[in-house]
Amino acid sequence: MAGIGIRDVVKRYGDTKVIHGVSIDVADGELIVIVGPSGCGKSTLLRMVAGLEDITGGEVSIDGRVVNRLEPKDRNIAMVFQNYALYPHMSVYDNMAYGLKIAGLSKEAIRARVDKAATMLQLQPYLDRKPRQLSGGQRQRVAMGRCIVREPAAFLFDEPLSNLDAKLRVQMRLEIRQLQRSLGTTSLYVTHDQVEAMTLADRLVVMNAGVAEQIDTPMNVYLHPATTFVAGFIGSPAMNFMPGRLGADGRAVTLDTGAPLRALPEPIAGHGEKAVTIGVRPEHLTLVGSEAAELTLRVGVVETLGADTLVHGALLDKGQAVVPVAGEGGEVLAARLPGNVAVREGDTLPLRVVEGALHVFDRETGRRLADV
Ligand SMILES: Nc1ncnc2c1ncn2[C@@H]1O[C@H](COP(=O)(O)OP(=O)(O)OP(=O)(O)O)[C@@H](O)[C@H]1O
Ligand SMILES: [Mg+2]
C-alpha cells in the first residue's frame, strides 16, 4: 500500500508547455479522479506517473520513493487504458498471467492469483477464451484483472469505461468503485465525464489547460467551486452566470443592471468595488412569493422531466430589466424546479437563491470570492 506524490510537475513538448506545475497528494488507499475537458492534460499527467512520458520538471513519488528516473516496470503500478490493450492471441488466463510470468512467479503462485482475481471479477467461465470472444464489459474486466493480479502499489486508469455503452458504463463504474474499496489500492482515475468523476472520487482534481483548478471532495467542488471554470464544468445543467458588481463596502452584491441581490455577511478582505460574476445552479433557484423574490424568470421553454421541471427563460431583475445570462441554453436562465410545475411561456416566476448557493467570483481572475 502506498500513496502517490505529484509535486510541481511540468510537461513540455518542445516549446509548448502542456502541464503548468501540478501538485496532487494521493493518500494511501485513496481514489482520486482527474477530470477536465479534452486536451487539458489528464492523460499526459497520468502517463508521467506511469513512466510512459518523461517529466520535464517537478517530482513524482510512489510510496515515498521518487520515481522520476525509474522505468515503468520498476514503479510498481498497473495501468488500465481505454482500449484495454489486451493481447489478442492470448487467452483470458494468459492475458492475466503474462505479467506474472515475466516477473518470474511460480506456476502455482500465478494460478492462485489469477483464480482469485477471476473469481472476484466473475471471469471464471471465460478463462480459455480469446479477447475477441468477449463483450466490451468482459474485456474491461480482463484488463482490470491483469492489474489486480500484480498486486501493485497503485492503479492508474485512463478513461477505462469510455468504450462501453451508457448502461454498462454505470455498472462497471460501480464495480470499479467496489473493487477499489475492497482492495484498498491507491488509484488515480482520469475521465472527462463529470458524473463518473463525482460518483467515483474520494477527491476530485478539476483540470483546465494544464492547471489543477481545484482539488477537493466532490461535494465541496460542487458546493464551493473555486473558479468559474470549475463551477461551469461540474453540474448539469450547467451553472447560470450573470455579470454583477461588488459594492464599495465590499459587501453588497448587485446585478450589472444595478438591482441589489444580496449582501455578504462580512466584507471580502481587501476588496472594495469590483466587477464580479454571479453564479447560481439551476437546482438552487426556488419558487417563492413575489415579496421574497430576488429574481424573476420570464418563462420561455419548459422541459418536463417527471421528477422535476426545467424552466428556461429571460432573467428579470427587481426593476424588470432583462439581465444577460451565460447559461447552458444560451442567454437564458435555467431553473430546475422539483415536481411537475404547471407553467407556460410568458409566465413570470418569482425566484430566490438558496442560502449559501449564490456564488460570487472575481470577474477578472475567475476566482471565488464568496458563497452567500
Ligand atoms: N506527443 C505530443 N506532442 C505534442 N503535444 C502533445 C503530445 N501529446 C499530447 N500533446 C498535447 O498535450 C495536451 C494534453 O494532452 P492530453 O492527451 O494529456 O489531454 P487529455 O486531457 O488526456 O485529453 P482527452 O480527454 O482528449 O484524452 C494537448 O494539447 C495535446 O495536444
Ligand atoms: Mg486523454
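Before reading on, note that the structure itself is shown above.
The structure presented is a predicted model; accordingly, all values stated were derived computationally and were not measured.

1. Some points on the pattern of salt bridges
Consideration 1: For the coordinates displayed, the defined rule picks out 19 salt bridges.
Consideration 2: Among the ionic pairs, R336 bridges to D308, the shortest N-O distance being 2.9 Å. Taken together, the residues span a long stretch of sequence, with R336 in strand β19 (residues 333–338) and D308 in strand β17 (residues 308–316) at a distance of 28 residues.
Consideration 3: A relative accessible area of 23% means that R336 is categorised as partly exposed.
Consideration 4: Several salt bridges share partner residues, and in doing so they unite R262, E294, R352 and E355 into one network.

2. A word on the pairing of strand β21 (residues 359–362)
Consideration 1: Of the two faces of β21, both are covered, the one formed by H359 and F361 as well as the one formed by V360 and D362.
Consideration 2: In terms of strand pairing, strand β14 (residues 274–280) meets β21 through four bridges, oriented antiparallel. Each residue of the ladder has a partner; that of V276, found in β21, is D362.
Consideration 3: Pairing geometry for β21 and strand β22 (residues 368–371), over three bridges, is antiparallel. Of the residues in β22, the one forming a bridge with V360 is A370.

3. What to know about the packing of aromatic side chains
Consideration 1: With the rule as written, the count across this model stands at five aromatic pairs.
Consideration 2: When the ring of F229 is compared with that of F233, the centres are 5.7 Å apart and the planes differ by 15 degrees; the resulting orientation is stacked. Of the two residues, F229 and F233 both sit in helix α8 (residues 228–233), four residues apart, roughly one turn of that helix.
Consideration 3: For F229, a relative accessible area of 22% gives the class partly exposed.

4. A short note on the side chain of K42
Consideration 1: With respect to the element layout, K42 can be found in helix α1 (residues 42–50).
Consideration 2: Of the side chains with opposite charge, E159 lies nearest to the buried K42, which makes no salt bridge, at 4.4 Å.
Consideration 3: With sequence-adjacent residues up to four places away left out, K42 is seen in contact with I34, V35, G36, P37, E159, V190, T191, H192 and M207.

5. Quick look at the site of ligand 1
Consideration 1: Residues in contact with ligand 1, as listed here, are Y13, V18, P37, S38, G39, C40, G41, K42, S43, T44 and E159.
Consideration 2: Within the side chain of S38, a nitrogen or oxygen atom sits 2.5 Å from an oxygen atom of ligand 1.
Consideration 3: In this structure, an oxygen atom belonging to ligand 1 sits 3.0 Å away from a main-chain N or O atom of G41.
Consideration 4: Protein chains bury 56% of the 640 Å² of accessible surface belonging to ligand 1 in isolation.
Consideration 5: The biggest single contributor to the shell around ligand 1 is α1, with three residues.

About the thresholds
- Residue numbers here run from 1 along each chain, matching the order of that chain's written sequence.
- The order in which chains are written sets their letters, starting at A; the order in which ligands are written sets their numbers, starting at 1.
- Under the rules for a predicted model, residues below a pLDDT of 70 receive no local features and side-chain atom pairs below 80 are neither given nor counted, while totals for whole chains, interfaces and linings still include all residues.
- Remark: hydrogens and water are excluded; side-chain values derive from all non-hydrogen atoms of the structure.
- Salt bridges are defined as contacts in which a side-chain nitrogen from Lys or Arg sits within 4 Å of a carboxyl oxygen from Asp or Glu.
- Secondary structure elements follow DSSP: runs of H or I of four or more residues count as helices, runs of E of two or more count as strands, with numbering from the N terminus.
- Each residue is assigned to one of three classes by its accessible area relative to the maximum for its type, calculated with a 1.4 Å probe on protein chains only: buried under 20%, partly exposed between the two thresholds, exposed over 50%.
- Following DSSP output, two strands are said to pair if at least two bridges run between them.
- Two rings from Phe, Tyr or Trp (for Trp, the six-membered ring) form a pair when their centres are within 6.5 Å of each other. A pair whose planes differ by under 30 degrees is stacked, one over 60 is edge-to-face, and the rest are tilted.
- Here the positive residues are Lys and Arg and the negative ones are Asp and Glu; neither His nor the chain ends is included.
- Every residue pair with non-hydrogen atoms within 4.5 Å of one another is taken to be in contact.
- Each residue is tested against the molecule or strand, and it is near if at least one of its non-hydrogen atoms lies within 4 Å.
- Nitrogen and oxygen atoms within 3.5 Å of one another constitute a polar contact, given that in protein one can donate a hydrogen and the other can accept it, and given that sequence-neighbouring residues count only through two side-chain atoms.
- Using the Shrake-Rupley algorithm and a 1.4 Å probe, accessible areas are obtained, with residue cover drawn only from the displayed protein chains.

No statement about biological role is implied by the geometric values presented.
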